[in-house]
Amino acid sequence: MHHFLNIISYIFHPLFVPIGGTLLFFRLTPYSTLEVQSGNILPIFILTVIIPIIFFLILKNLGVIKSIFLPTLQERKYPLYISCVLLLMILYKVIPNNYVNELFFFFTGLLTATGAALILLFLKFKTSMHLLGMGSLLMFMIGLSIHFEQNITLGISLFTLLTGLVATSRLYLKAHSKAELLIGFMVGMGSQLLILKYWL
């Protein structure tokens, strides 16, 4: 059970949330072109997966962080700073080149949620980034379903169950308290919900 839940924590790591939301959007949208897809997916993958991994390896070699799950408050600061900068780069450099309204606001929501997690960090509260990411994706998925008038109830139900599984894994591994998981989920969902009116 320990190994299974550990694998779940890796598979649904918050690192994969931005690219996950991007792929989800292009899977559901009826009007995207190959040019727009390639113009967004590749740069977003590089900026949100490849570059953070490189930074992680550098910070780990420097002894600043010890684990990819960032167990302490101090370890979380630099990755969150880096994440905010990379999300800003996507909003100002990547998306404007191949503009997609829904993606722009999805990343605006992610930046808002990451900023909120950073503020809570200075208040000595360790928000669950796993649940923040799952909450963001779940709300974005619901928004896309309404926006494109597509019935993806099964997908939303499955993702809700997966969110519960991720929360269970974080609790079982003693990575977070129930409050940290709940706040993370609420910050993730709330940030996407707040900007929903701008694109829905």
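Below is a summary of the structure that appears in this document. Every value quoted in this text rests on a predicted model; they were computed, and no experiment measured them.

Quick notes on the rules
Residues numbered from 1 in each chain as written. Predicted model: local features only at pLDDT ≥ 70, side-chain atom pairs only at ≥ 80, totals over all residues. Heavy atoms only, no water. Helix = DSSP H or I, 4+ residues; strand = E, 2+ residues; numbered from the N terminus. Rg over C-alpha atoms; globule rule 2.2 N^0.38 Å. Buried < 20%, exposed > 50% of the residue type's maximum accessible area, 1.4 Å probe, protein only. Polar contact = N/O pair within 3.5 Å; in protein donor to acceptor, adjacent residues only side chain to side chain. Core = buried A, V, L, I, M, F, W, Y, C linked by side-chain atoms within 4.5 Å. Contact = heavy atoms within 4.5 Å. Expected span 1.5 Å × (residues − 1). Bend = angle between axes of the 7 residues up to and from the residue. Phe/Tyr/Trp six-rings, centres within 6.5 Å; stacked < 30°, edge-to-face > 60°.

1. Remarks on the overall build of the chain
Across its full length, the chain holds eight helices and zero strands. Going from N to C terminus, the chain has its helices and strands arranged as α-α-α-α-α-α-α-α. Relative to its length of 200 residues, the chain is compact, with a C-alpha radius of gyration of 16 Å against a globular reference of 16 Å. Considering only C-alpha atoms, the chain reaches an extent of 45 × 35 × 30 Å along its principal axes. By residue count, 48% of the 200 residues in the chain fall in the buried class.

2. A look at the side chain of S136
Counting through the fold element by element, S136 comes out in helix α6 (residues 129-147). Using a relative accessible area of 0% as the deciding quantity, one classes S136 as buried. From its side chain, S136 meets the backbone oxygen of G188 in a polar contact 3.4 Å long.

3. Overview of the nonpolar core
By size, the foremost hydrophobic cluster in this structure holds 50 residues, and its most contacted members are F25, L103, F106, F107 and L144. Within the residue set of this core, elements represented by two or more residues are α2 (17-28), α3 (34-61), α4 (73-94), α5 (101-122), α6, α7 (153-172) and α8 (178-195). The element best represented in this core is α6, accounting for eight residues. Look past the residues within four positions of L103 in its chain and what remains in contact with it is G21, T22, F25, F26, N40 and I95. In this structure, L80, A113, A117 and M129 belong to the second largest nonpolar core, which totals eight residues.

4. Section: α3
The end-to-end C-alpha separation of α3 is 39 Å, in line with the 40 Å expected for 28 residues at 1.5 Å each. Maximum bend of α3: about 30°, positioned at I46. Burial in α3 covers these residues: G39, N40, I44, L47, T48, V49, P52, F56 and L59. For α3, the secondary structure elements touched by its buried residues are α2, α4 and α5.

5. Some thoughts on the packing of aromatic side chains
Under the criterion given, the structure shown has nine aromatic pairs. Centre to centre, the rings of F25 and F148 are 6.0 Å apart; their planes meet at 45°, and the pair counts as tilted. Note that F25 is positioned in helix α2 and F148 in the loop between α6 and α7, a separation of 123 residues in sequence. The same class applies to F25 as to F148, namely buried. Judged by centre distance (6.5 Å) and plane angle (70°), the rings of Y78 and Y81 are edge-to-face. Here Y81 and Y78 lie together in helix α4, a separation of three residues that amounts to about one turn.

6. Describing unusual backbone geometry
With a phi close to 65°, K124 is a non-glycine residue in the positive phi region. Note on placement: K124 falls in the loop between α5 and α6. You will see that K174, though not glycine, has its phi angle at about 60°, which is positive. Within the secondary structure, K174 is located in the loop between α7 and α8. Classification of K174 as exposed rests on a relative accessible area of 74%.

7. Regarding the environment of F55
Summarising the element assignment, F55 is placed in helix α3. Assessed through its relative accessible area of 35%, F55 is described here as partly exposed. It is 8.4 Å that separates the C-alpha atoms of F55 and I82, two residues lying 27 residues apart in sequence.

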